[in-house]
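Architecture at a glance
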Amino acid sequence: MKTRKARRTVVTGIGVVAPNGTNTEAFWKRTHEGISVLDRVTREGCEQLPLRVAGEVRGFEAAELIEERFIVQTDRFTHFAMAAADIALDDARLGRADYEDSPFDIGVVTAAGSGGGEFGQRELQRLWGQGSTYVGPYQSIAWFYAASTGQISIRGGFKGPCAVVASDEAGGLDALAHAARSIRRGTEAVVVGAAEAPLAPYSVVCQLGYEDLSTRDDPARAYRPFTSDACGFVPAEGGAMLVVEEEQSARRRGARIRAEVAGHAATFTGAARWEESREGLAQAIIGALREADCAPDEIDVVFADALGVPAADRAEALAIADALGAHGRQVPVTAPKSGIGRAYCGAPVLDVAAAVLSMENALIPPTPNVFDVCHDLDVVTGQARPAELRTALVLSRGLMGSNAAMVLRRPTDIQV
């Protein structure tokens, strides 16, 4: 019996809308330069709330990028996702002419944790302030965490398998894994990723219940993972969308192969049980390595979850050592998110984008605002570190207990 050749999933397009850049080029420039853009929260209605510092997306005008009929139906988090999807599709050179005869070959998968808080708050204020007749008809869909998947699919004409992943912050990596499974089952391409907009007043109030949220007012000291001054994380807006395709299909249409999604695994260890997350994250790493057929010493860089909570940082450092052995204390570790904040589900997808760009440019970006590392890790600080990068490991954990790991490979490691 003839064995069917495995269908590989490759990244062909990257689109970013982040606090440090509303396009991929700007994002990478500021990321590898180690520029921190964390600053005081300026969103209307948040001025008197205890959250002082965050990563805001500034200079983003949805009306310049998205048709009015979609803007009125959607929240800011979906505006980010749609704009990032456009950038990723352009980067992949995947236009309507490529799929107009086969729209069922392309799917959409997104992850979301906070949903459309700004849209929902506005409509609820109208309900209680003016009455039910003033509530817009799109209240029923715009706040929903699946809105980005639906609107990207409708706007792009993608009729393949669509999904939304709700698995905590680690859902960003889980969405990519879901897309890879769809491709293994026969889908040719998937637009996949996550974007969040958690800085509306209602959303911020909800987050104030997180003990791990930093409420310091100095942007340079509010989010300092892996240091003795670690005091929690700061949230961020934005995220990233990718185009992933079946490798041979991408090659046939002449697409640029940017990386392979080689392996993924996920575990669950419970909300805020950071000591237990050591074992859970280690098992996720081991599972991702196994799926990628990758030895621990083949990992050239780790993009860390970097929560900024002492117990969580310690657990992550130990998990890396548990899973990678002695190599875990030698492999370079970075956390660019310390300069832009944690965009919840969008955070690990931004790390995937940064990891692909790092492998392409042979450069490990530094960890902004971090200098005095107090864990047994080789954290890249200060400035970017030149390095030949073939394989990257991206880690993510959620406040509710999800853990995920993903292995990415450079195109030279993809078998034609």
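Residues numbered from 1 in each chain as written. Predicted model: local features only at pLDDT ≥ 70, side-chain atom pairs only at ≥ 80, totals over all residues. Heavy atoms only, no water.

With that settled, the discussion passes to the side chain of E169. In this fold, E169 is placed in the loop between β5 (162-165) and α8 (171-184). In this structure E169 is buried but unpaired, with R342 as the nearest side chain of opposite charge at 4.8 Å. When neighbours within four sequence positions are excluded, E169 is seen to be in contact with Y344, C345, P348, S396, R397, G398 and L399. (Helix = DSSP H or I, 4+ residues; strand = E, 2+ residues; numbered from the N terminus. Buried < 20%, exposed > 50% of the residue type's maximum accessible area, 1.4 Å probe, protein only. Lys, Arg positive; Asp, Glu negative; His and termini not counted. Salt bridge = Lys/Arg side-chain N within 4 Å of Asp/Glu carboxyl O. Contact = heavy atoms within 4.5 Å.)

The next point concerns the environment of D86. In this fold, D86 is placed in helix α3 (residues 76-92). Sequence separation between D86 and F144 is 58 residues, and the spatial gap between their C-alpha atoms is 21 Å. Excluding its chain neighbours within four sequence positions, the residues that come into contact with D86 are L65 and R155.

A separate point is the domain arrangement of the protein. Domain annotation for the protein reports domain 1 (9-253) and domain 2 (262-409). Between the C-alpha centres of domain 1 and domain 2 the distance comes to 21 Å. Of the residues lining the interface, 58 residues belong to domain 1; the matching set on domain 2 comes to 61 residues. Taking both sides of the interface into account, the surface hidden between domain 1 and domain 2 amounts to around 4600 Å²; carbon and sulfur atoms contribute 69%. Put simply, domain 1 and domain 2 have 1 salt bridge between them. A salt bridge links D372 to R224, with the nearest nitrogen and oxygen atoms 2.7 Å apart. Remark: the boundary between domain 1 and domain 2 carries 21 residue pairs in polar contact (both at pLDDT 80 or more). If you list the elements that add at least two residues to the side of domain 1 that touches domain 2, you get β1 (9-17), α1 (24-32), α8, β6 (189-196) and β7 (238-246). It is α8 that provides the largest number of residues to the side of domain 1 that touches domain 2, a total of 6 residues. Among the residues forming the side of domain 1 that touches domain 2, the class breakdown is 32 nonpolar, 17 polar and 9 charged. (Domains from an automatic or database assignment. Buried area = accessible area lost by both parts, 1.4 Å probe. Polar contact = N/O pair within 3.5 Å; in protein donor to acceptor, adjacent residues only side chain to side chain. Nonpolar A, V, L, I, M, F, W, Y, C, P; charged D, E, K, R; others polar.)

Moving on to the packing of helix α11 (residues 274-292) against helix α12 (residues 310-324). Remark: α11 packs on α12, axes separated minimally by 8 Å, with the N-to-C direction vectors making an angle of 35°. The handedness of the crossing between α11 and α12 is right-handed. Where α11 abuts α12, its residues W274, E275, S277, R278, L281, A282, I285, I286 and L289 lie against A311, A312, A315, E316, L318, A319, I320, D322, A323 and L324. (Axes fitted to C-alpha atoms, helices over the stretch in contact; angles between N-to-C directions. Left-handed = near helix turned anticlockwise from the far one by under 90°.)

This brings us to the pairing of strand β8 (residues 259-268). The element β8 is largely enclosed, with a buried count of 7 among its 10 residues. With 2 bridges connecting them, β1 and β8 associate as antiparallel partners. Residue pairing in the sheet places V10 in a bridge with E260 of β8. The sheet contact formed by β8 and strand β15 (residues 402-409) spans 8 bridges and is antiparallel. When the bridges of β15 are listed, T267 appears paired with N403. (Pairing = 2+ DSSP bridges.)

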